[in-house]
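In case you want the letters, here they are:
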Amino acid sequence: MVSYLLPSLLLSLAPTLAGAASAEAERQVEAILQRMETDVLAFRDEMERAYSLRCDAATLTECSESNFNDCSSTYPGQQCMQADELVISRCGDGTACNGLWSKEETAVRIPESLVDASGNPEDQEVIESVCYSRLADPYMVDNYSLGNQMYFGSRTGAFRIVPARQSETCGAYDPRRRPWYVAASSGPKDVVLTIDTSGSMLDYNRLELAKDAAKTVVDTLTVADRVAIVAFSDTASMVGGHTSLIRATKENKSALMQAIDGLSAKGATNFHDGFKVTFDALETTIRNEATTGCNIAVLFLTDGESTTGPGNDDTIKLVNERTEQLSATWDRDTTVFTFSLGQQADHDVTKQIACSTGGLWTPVDDFDEDLVTAMSSYYMLYAMGLGEGGNEDFTAWVEPYTFYTAGKKGTSVSTPVYDRSVDPPLFLGAATVDMYLDDLEELLGEDASSSKMLERFVILSTARCPTIELTEIERDALRYLGGGEAAVCGASNFTSSSSAGIILPEKCFQSDWPKTLWENEDYDGKDYEDRACCAIGSTVPSDVCPDETAVALVSESSNAGLIVGVSVAVGVAVGLLVFVVCKMKTSKKEQKQMRMQSSIDVQMTVMPPPSAPGFVGEEPAPKYDEANAIRAI
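Residues numbered from 1 in each chain as written. Predicted model: local features only at pLDDT ≥ 70, side-chain atom pairs only at ≥ 80, totals over all residues. Heavy atoms only, no water.

1. With respect to the overall build of the protein
Counting its secondary structure elements, the protein contains 18 helices and 18 strands. Taking all 633 residues of the protein together, the buried fraction comes to 60%. For the protein, the proportion of contacts with a sequence separation of at least 24, taken over those separated by at least 6, is 77%. Put simply, the protein shows about 23400 Å² of open surface, and 48% of that area lies on carbon and sulfur atoms. (Helix = DSSP H or I, 4+ residues; strand = E, 2+ residues; numbered from the N terminus. Buried < 20%, exposed > 50% of the residue type's maximum accessible area, 1.4 Å probe, protein only. Contact = heavy atoms within 4.5 Å. Areas by Shrake-Rupley, 256 points an atom, 1.4 Å probe, with all protein chains shown as cover.)

2. Section: the nonpolar core
Formed by 61 residues in total, the largest nonpolar core has its most connected members in Leu193, Leu299, Leu301, Phe337, Leu371, Met375 and Tyr378. The contact partners of Leu301, leaving out residues within four places of it in the chain, are Thr194, Ile195, Asp196, Met201, Ala210, Phe232, Phe339, Leu341, Leu371 and Met375. With 47 residues, the next largest nonpolar core counts Trp101, Tyr132, Val141 and Leu428 among its residues. (Core = buried A, V, L, I, M, F, W, Y, C linked by side-chain atoms within 4.5 Å.)

3. So, the packing of helix 6 (residues 206–219) against helix 7 (residues 250–261)
Geometry of a packed helix pair, given as the angle between the helix axes and the separation of the axes. Between helix 6 and helix 7, the shortest axis-to-axis distance is 10 Å and the interhelical angle comes to 175°. The angle between helix 6 and helix 7 places the two elements in the roughly antiparallel class. Taking contact as the criterion, the partners of Lys211, Ala214, Lys215, Val218 and Asp219 in helix 6 are, on helix 7, Lys253, Leu256, Met257, Ile260 and Asp261. Class assignment of the residues belonging to the contact of helix 6 with helix 7 gives a composition of 5 nonpolar, no polar and 5 charged. (Axes fitted to C-alpha atoms, helices over the stretch in contact; angles between N-to-C directions. Parallel < 35°, antiparallel > 145°, perpendicular 65-115°, else oblique. Nonpolar A, V, L, I, M, F, W, Y, C, P; charged D, E, K, R; others polar.)

4. Examining the environment of Phe394
Counting through the fold element by element, Phe394 comes out in the loop between helix 12 (379–386) and strand 14 (396–397). The spacing of Phe394 and Leu41 is 353 residues in sequence and 8.7 Å in space, taken between C-alpha atoms.

5. Quick notes on the state of the cysteines
In this structure the tally under the stated criterion is 8 disulfides. The disulfide partner of Cys91 is Cys533, and the S-S distance across this bridge is 2.1 Å. When the S-S torsion is -80°, as for the bridge of Cys91 with Cys533, the disulfide is left-handed. Taken together, the positions of Cys91 in the loop between strand 1 (79–80) and strand 2 (97–102) and Cys533 in strand 18 (residues 533–535) put the pair 442 residues apart, joining distant regions of the chain. Considered together, Cys91 and Cys533 belong to a single accessibility category, that of buried residues. Between the sulfur atoms of Cys294 and its disulfide partner Cys465 the distance amounts to 1.8 Å. Disulfide Cys294 to Cys465: torsion about the S-S bond roughly -70°, handedness left-handed. Taken together, the residues span a long stretch of sequence, with Cys294 in the loop between helix 8 (271–287) and strand 11 (295–302) and Cys465 in the loop between helix 14 (451–462) and helix 15 (472–483) at a distance of 171 residues. (Disulfide = S-S within 2.5 Å.)

6. Structural notes on unusual backbone geometry
Here the bond from Asp423 into Pro424 is cis, since omega is 5°, no more than 30 degrees from zero. Structurally, Pro424 can be placed in the loop between strand 16 (409–419) and strand 17 (426–436). One non-glycine residue, Glu65, lies in the positive phi region at around 50°. Examined against the element boundaries, Glu65 turns out to sit in the loop between helix 2 (57–61) and strand 1. Assessed through its relative accessible area of 40%, Glu65 is described here as partly exposed. Positive phi outside glycine occurs at Tyr204, with the angle close to 55°. Among the secondary structure elements, Tyr204 is positioned in the loop between strand 7 (189–196) and helix 6. For Tyr204, a relative accessible area of 48% puts it in the partly exposed group.

7. Overview of the packing of aromatic side chains
Applying the stated criterion across every chain, the model contains 20 aromatic pairs. Where Tyr51 meets Tyr132, the ring centres are 5.0 Å apart and the plane angle is 90°; that geometry is what we call edge-to-face. Of this pair, Tyr51 sits in helix 1 (residues 23–52) while Tyr132 sits in helix 3 (residues 124–134), placing them 81 residues apart in sequence. Tyr51 gets classed as buried once you look at its relative accessible area, which sits at 5%. Ring geometry for Phe337 versus Tyr378: centroids 5.9 Å apart, planes at 75°, classification edge-to-face. Taken together, the positions of Phe337 in strand 12 (residues 334–341) and Tyr378 in the loop between helix 11 (371–375) and helix 12 put the pair 41 residues apart, joining distant regions of the chain. Residue Tyr378 is classed as buried on the basis of its relative accessible area, which comes to 2%. (Phe/Tyr/Trp six-rings, centres within 6.5 Å; stacked < 30°, edge-to-face > 60°.)

8. Some remarks on the confidence of the model for the protein
Considering every residue of the protein, the mean pLDDT works out to 82; 81% of them sit at 70 or more. Within the model, the stretch residues 1–21 combines pLDDT values under 50 with 56 contacts to residues more than four positions away or in other chains. Contacts for the low-pLDDT stretch residues 556–633, under 50 throughout, to residues beyond four places or in other chains number 235 contacts. (pLDDT = per-residue confidence, 0-100.)

9. Some details on the pattern of salt bridges
Note that side chains of opposite charge can pair when their charged atoms are close. Taken as a whole, this structure holds 28 salt bridges when the rule is applied. One salt bridge connects Glu46 with Arg49, and the closest N-O pair in it is separated by 2.9 Å. Placement of both Glu46 and Arg49 in helix 1 is noted, with a separation of 3 residues, approximately one turn of the helix. The exposure class of Glu46 is buried, given its relative accessible area of 4%. In this structure, Glu529 engages Arg90 in a salt bridge whose closest nitrogen and oxygen atoms are separated by 2.8 Å. Highlighted residues: Glu529 in helix 16 (residues 528–532) and Arg90 in the loop between strand 1 and strand 2, separated in sequence by 439 residues. (Salt bridge = Lys/Arg side-chain N within 4 Å of Asp/Glu carboxyl O.)

10. Structural notes on helix 3
Burial of helix 3 is extensive: 9 of the 11 residues sit out of reach of the surface. When helix 3 is considered as a whole, its buried residues turn out to be Val126, Ile127, Glu128, Ser129, Val130, Cys131, Tyr132, Ser133 and Arg134. Two to three positions downstream of the cap, the backbone nitrogen of Glu125 sits 2.9 Å from a side-chain oxygen, assigning the N-cap of helix 3 to Asp123. (Polar contact = N/O pair within 3.5 Å; in protein donor to acceptor, adjacent residues only side chain to side chain.)

11. Structural notes on the packing of helix 8 against helix 9 (residues 312–330)
Close contact between helix 8 and helix 9 brings their axes to 9 Å; oriented N to C, the two are set at 10°. When the axis of helix 8 is compared with that of helix 9, the two are roughly parallel. Side by side, helix 8 and helix 9 meet where Phe271, His272, Phe275, Lys276, Phe279, Asp280, Leu282, Glu283, Ile286 and Arg287 of the first sit next to Asp314, Thr315, Leu318, Val319, Arg322, Thr323, Gln325, Leu326 and Trp330 of the second. Class assignment for the residues of the contact of helix 8 with helix 9 results in 9 nonpolar, 4 polar and 6 charged.

Set out below in structure tokens:
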């Protein structure tokens, strides 16, 4: 495996960061992080191998009643967690009561909007993603036992993770709306959201929809990105009091989202000033060397026509001149994504601007309520481009942050997964590996929340800018997916039939699709405590748990910042990961036997987090609206 981010990178920080650790410690840290990248790229390869078998009859037929749901299934090998592994505060303090999990199985999560009343998906692509990812189940389980927590988020919204655990909020989690997913599928970028706040945005609750969409986009960004918000009506201004783009740290994102909540609608609509302030902010950011140096995305939302300021021709001219200037002067590629909300919204100018910059124009109906989905899908253009050109083995890191259930700092490294048998490669989703930062803290003598530790991951995250080289027919295929034939720019020979194999997979010719994916639904309809809480030493939910007294004590301790963590030793030996991939089996019994018999020659490299950062026990992401929507963490 080739690692483009790490060689000599962290070592070079030693003389430049105040109080940096020794060169030897830096080398050890570099080795740990490089192995993390190697591990996630190997996981990607396994998922791509699994996808290649998606249309095999055995893949689909054996998938029936062979998966385990995150809210309704009993898991094979489940056991009550020990307090030194993890403490589930909703169940107790780990002394008498804790939570159930299984280290021998993966669990599947699917957004509630993608399943029917029985809890099973109806869309064939969603079913496929559950079934082919199941083929990687032995690989994920074996790797968890060796130190790697892994999970895969599909472009369809299906999510598979080891170890298997019950979800606190059923149907709320969508991997496509999470930062690790968007980072892996788009890379570092400068993002400006330019939002219409004219008086007409009060109609049909449009401004509130726009706010939700803008906050979702901001929330999915990582420290690898820079972001700004521009609001325009009679005139335009930067939101939050900034004059340039800012790094998308947790604190900055929170402040921006609060500022977005404060937007109000009044006045006329001035497209020209909205774009002028947008490009001024971009140029200021670049001149001040506060940019990612990578791709630029402008997300422009309006519900009407420009009614004040310079005319449409001047606006189109401004956009074209400023994008050309950014390219000629700074060698920066700028893509404008435009969104026309409601029947009265301009279609001609917004579509023309998107087409002229290689972007996407998306019309959004007032009553579809899918603006969040539409705006947060912009990264799909970058995801398609990441599969081509010089982007091999691209990886993305997220900002260190506290794992909700463990109360300890960790991070994640992700990589995009593709069907590489087609041209262009078809984006399938993102594969991710987690780690705690305990070892790095000990080696470097730095706290995981320190500015120096953050700077390390900033450098890791922005060390490589993806190149996006898409043909016009590939861009038109994406436009068709988002807005139908009306959104196609027409410069290519694209037809609706061209989308298969470009943005959508060729359909499997299968007559007998699985109707029920879940092996059992023993816990269907039960509350979280009745599914997950157990007495120490037991393998089933307990009638006496949760321990209300202990829960209160844990809650009080949590409020004081004393959350119980997990302590697992980890080696720092250098070595590449070598896996002997298990051969696919033909029955559940054989699958379990394979797991017991499989032999993998691998060095443990990281501590296995008991919960994936950003999803277990966190506040649920905003509701996902439709099956074809693409949205991130």
